[in-house]
Protein chains: 2
Amino acid sequence: MAAEQDPEGRAAAQPLLTDLYQATMALGYWRAGRAWDPAEFELFFRRCPFGGAFALAAGLRDCVRFLRAFRLRDADVQFLASVLPPDTDPAFFEHLRGLDCSGVTVRALPEGSLAFPGVPLLQVSGPLLVVQLLETPLLCLVSYASLIATNAARLRLIAGPEKRLLEMGLRRAQGPNGGLTASTYSYLGGFDGSSNVLAGQLRGVPVAGTLAHSFVTSFSGTEVPPDPMLAPAAGQGPRVDLAACVEAWLERVCAHLGLGIQEPHPGERAAFVAYALAFPRAFQGLLDTYSVQRSGLPNFLAVALALGELGYRAVGVRLDSGDLLQQAREVRGRLRTTAAQFQVPWLELVPIAVSNNIDEEELARLAQEGSEVNLIGIGTSVVTCPRQPSLGCVYKLVSVGGQPRMKLTEDPEKQTLPGSKAAFRLLGSDGSLLLDLLQLAEETPPQAGQELRVWPRGAQESCTVRPSRVEPLLQLWVQEGQLCEPLPSLADSRAFAQLSLSRLSPAHKRLEQPEPYQVALSEKLQALVDRLGARGPQ
Amino acid sequence: MAAEQDPEGRAAAQPLLTDLYQATMALGYWRAGRAWDPAEFELFFRRCPFGGAFALAAGLRDCVRFLRAFRLRDADVQFLASVLPPDTDPAFFEHLRGLDCSGVTVRALPEGSLAFPGVPLLQVSGPLLVVQLLETPLLCLVSYASLIATNAARLRLIAGPEKRLLEMGLRRAQGPNGGLTASTYSYLGGFDGSSNVLAGQLRGVPVAGTLAHSFVTSFSGTEVPPDPMLAPAAGQGPRVDLAACVEAWLERVCAHLGLGIQEPHPGERAAFVAYALAFPRAFQGLLDTYSVQRSGLPNFLAVALALGELGYRAVGVRLDSGDLLQQAREVRGRLRTTAAQFQVPWLELVPIAVSNNIDEEELARLAQEGSEVNLIGIGTSVVTCPRQPSLGCVYKLVSVGGQPRMKLTEDPEKQTLPGSKAAFRLLGSDGSLLLDLLQLAEETPPQAGQELRVWPRGAQESCTVRPSRVEPLLQLWVQEGQLCEPLPSLADSRAFAQLSLSRLSPAHKRLEQPEPYQVALSEKLQALVDRLGARGPQ
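Predicted model, so just to flag it, every value in this text is computed and none were measured.

J.: Is there a simple way to explain the packing of aromatic side chains in this structure?
T.: How two aromatic rings sit relative to each other is set out by the distance from centre to centre and by the angle between their planes. In total, this model carries 24 aromatic pairs over all chains according to the counting rule given. Their ring planes at 70° and their centres at 5.9 Å tell us that Phe 272 of chain B and Phe 283 of chain B sit as a pair that is edge-to-face. Highlighted residues: Phe 272 of chain B in helix H11 (residues 266–278) and Phe 283 of chain B in the loop between H11 and strand E10 (284–286), separated in sequence by 11 residues. Judged by its relative accessible area of 0%, Phe 272 of chain B falls in the buried class. Put simply, the rings of Tyr 29 of chain A together with Phe 215, Phe 219, Tyr 275 and Phe 279 of chain B touch in pairs and so form one group of aromatic residues. One cation-aromatic arrangement involves Arg 252 of chain A over Trp 249 of chain A; the distance from NZ or CZ to the ring centre is 4.3 Å.

What follows is the structure, encoded as structure tokens:
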């Protein structure tokens, strides 16, 4: 399988980005003559994150990229040799040198699908040794991606469809790649874009950003811009000294707002002028470096009105401290009266952006009816998922050589579901989701309109269900190392995620104490579980 | 500055791994003729993480690697051009193409230092445009590294010095690089090693690992090993059929434990034999795939005793579910009686390793007096820092052109400390830490034995202090782009972290409701804060 042309190179996930026990087990399998035994693993989670009743599947595009590039370099094999027993048969290392994923087949939920406990996000089959080695990197690539996509989807549900949500948590991520993953999959989960330039370059995520407080504080007001002249937006007419024009407007603005002309900070104004000269068509004011009402807002208005004279429209203001909802209301009020005073109607509608440690609760407040906030930047809360910073995906062996395998353990919740399986989503006549069904791969798929008996997980008794529609959940993406069809674009997966969520009932979609969504086993699968489980430690 | 020879390549942190507003501000500075203005930023945090009273500084080695390689490639500049205004002066992009860190100077706390609120972890000075661009990557590289080093240090304090702590959270990290960062800095913070092979290869972190449940469940017991023969440890004497030898021992073990010979799972035993054949000198049994007492333990004992006959000693057992403390006690009891029964004293002392969602509370339980646990594997809790998944470092402009700069904002906690500064740790005659002092760079350093007046942060009044020793905190690492001295090795930084912690008083080191450690300002710095603050928005 040829390595993909990939601007991220091998860096995204290298084969040695794995737990050492994968390598020790590889040697164990090899020594036991079982490297090529056909095996199947399932990657799934046991509980939905954040106390919710759903998750979004994500990370498949990174898994496919990883699988296609999977090759141990000489340096990798040498390092493994240095940590394995010195008398290890050299033939094992030859085996490792020749490894790739040309024997690996992957079925998976499309990215953006609704995912529920126990339903595989990925089914990975192939030679035992190699599919075992894939465990850690695949978990690493799927767990956090699905977690943050789900987190972003929750934040989108809270914000509603109208507010623009911008992810800006790179500085709070777990190192560089954590940031890239966060930006990519928060977009998939429903955000509008990111501040992360690399996510724009490598993943096509829409990027946005304007200025920080340091830009504002870097100006004292005594600087002399090398060229304060700006041409009108339409290109016609003489160039104007923007700084001088702003000073003239400042007097009128201060008079209107009842402020002394000395109150607005001259350095802040110089910073706004500098920014406006660089971005006349995209001027945004960051209002809270010194004082929103007495400095940031009048300075912004002076610059915006001066730009307006030249035919440019400011694109927004940003607040980054204090009571954001209340301040947005006050700022909107001032925008409104100033727009009326100077007869510039567009000024009233300038978007208000806010940021500053916004979590689910604060977001709900900012998204409430009557809020004047238009764009919400979220960093820490989306990237670190503080309410539950890991999803807990696992990757479990379900069959070897066609024989089902099951782990029992001391803890019933950690038992696995044996056997190679198929998964279906059953729908009612009104298109509502009834349940997800897991059954053995060899069973006939359920038929629309036909009643079938199933065992809801966790229930003591079976029940019957008659679906009006049946959708297979797991799609074949990689067959014997070959990509079967191109993956959807990130934007398409994002749209699919919103579509998937729209089909989920409000009771399951509720963020607090939702009704759990049912996952059920076919009678045959339940019988297999009972048989292997009852056998106890045999 | 030449790019370092670095096996991680450019991947660790690329220049475009940044917030877009750094690039828009760069254009703003450039357009205002200020790209080369000398500027200084400080990177610090405002509150210690996890409700504690200390943090460990970490991430400097990644920052230095990033700075030395910092260069925008043509593709990077082209991407920036695609998201900046189309009429941007091409000379700006030429400026970007020529950028490097040859004008950048970095002072920093050595890695593993104690760090407190407001004391800079990094001071970065150089041309305004480039040091602004560095903000996001440096925050990304320092914040999480310091957070996880601190988290690891807390876990080490709870575990005590004797228990071995292994980080194994790669699969729960925020993507590949999150995992690498976690493994590197949890080691720095006090762990003994990691399961992450890449951290071993690239960073020299000791790696460890044996086998997972999938290895055990992959065997049914019907497999025929291609070569079940094993030579004695000493190399002398005939090779022995290990599988047959194990079966013989199983009978004796079951008789001793009062178990039926059919109870231990034959597949689990086959897996143990396969592993022992591959790792006769490093055999560890994972006991809880089916049942610890009725299967895992007797199978382990049979294999360990068979190996013992050949002169090999098993290196451990692992438990991964259920009540770990209680099970460890039971397992130790069985090891003890079995050791006595068969007169193999070493068996009694086989290390017991445990894992399974271990958090601070569970760790305290496992580390209690009388615990039979020897090695503790921690994944999610160390990597995701669930108690506080981000540190909240900030990077603030403190001076431009030699003039101090200060942000006031709507929120007093977000005010910054202006001016280029020096930082000192003042110690008492008994070597105890008194406080950290921030003063202006031009002030004379405090002298041992001399009383000085300082303003503790947050206090309304000044106080006096007479240090017996004064230690400068910030070390010059990079001067005008040149590394001044080699960074300590990771292992040295790890030792330094433990030394630093040993000097902190128990009252500050306490993990719950500790006494805050004092950070104070010199009188001159306090006067500057008052002057710039009182000026309000002027």
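J.: Would you mind going over the pattern of salt bridges with me for this structure?
T.: Note on pairing: side chains with opposite charge can pair once their charged atoms come close. Under the criterion given, the structure shown has 61 salt bridges over all chains. Its salt-bridge partner being Asp 436 of chain A, residue Arg 425 of chain A comes within 2.8 Å of it at the nearest N-O pair. With Arg 425 of chain A in strand E16 (residues 421–427) and Asp 436 of chain A in strand E17 (residues 433–440), this pair connects stretches of sequence that are 11 residues apart. On the basis of relative accessible area, Arg 425 of chain A is assigned to the buried category, the value being 7%. Beyond isolated ion pairs, a larger network of salt bridges with shared partners links Arg 34, Asp 37 and Arg 405 of chain A together with Glu 223 of chain B.

J.: Sorry if this is basic, but what is going on with the interface of chain A and chain B here?
T.: You'll often see interface size given as the accessible area lost when the parts meet. Of the residues lining the interface, 120 residues belong to chain A; the matching set on chain B comes to 120 residues. Counting the surface lost from both chain A and chain B, the interface buries some 9700 Å², and carbon and sulfur atoms represent 59% of this. Joining chain A to chain B, the criterion identifies nine salt bridges. The salt bridge involving Arg 405 of chain B is made with Glu 223 of chain A; its shortest N-O contact spans 3.9 Å. In this structure, the connection of chain A to chain B is made through 33 residue pairs in polar contact (both at pLDDT 80 or more). Looking at which element gives the most residues to the side of chain A that touches chain B, the answer is helix H1 (residues 20–31) of chain A, with nine residues. Taken together, the residues of the side of chain A that touches chain B sort by class into 56 nonpolar, 40 polar and 24 charged.

J.: How should the side chain of Thr 105 of chain A be read in this particular structure?
T.: Residues and elements named next belong to chain A. Turning to its location among the elements, Thr 105 is positioned in strand E3 (residues 105–108). On the basis of relative accessible area, Thr 105 is assigned to the buried category, the value being 10%. Separated by 3.0 Å, the side chain of Thr 105 and the backbone nitrogen of Glu 480 make a polar contact. In contact with Thr 105, other than residues within four places in its own chain, are Gln 123, Val 124, Ser 125, Leu 476, Val 478, Gln 479 and Glu 480.

Rules and cut-offs
Residues numbered from 1 in each chain as written. Chains lettered and ligands numbered in written order. Predicted model: local features only at pLDDT ≥ 70, side-chain atom pairs only at ≥ 80, totals over all residues. Heavy atoms only, no water. Phe/Tyr/Trp six-rings, centres within 6.5 Å; stacked < 30°, edge-to-face > 60°. Helix = DSSP H or I, 4+ residues; strand = E, 2+ residues; numbered from the N terminus. Buried < 20%, exposed > 50% of the residue type's maximum accessible area, 1.4 Å probe, protein only. Lys NZ or Arg CZ within 6 Å of the ring centre and 35° of its normal. Salt bridge = Lys/Arg side-chain N within 4 Å of Asp/Glu carboxyl O. Contact = heavy atoms within 4.5 Å. Buried area = accessible area lost by both parts, 1.4 Å probe. Polar contact = N/O pair within 3.5 Å; in protein donor to acceptor, adjacent residues only side chain to side chain. Nonpolar A, V, L, I, M, F, W, Y, C, P; charged D, E, K, R; others polar.

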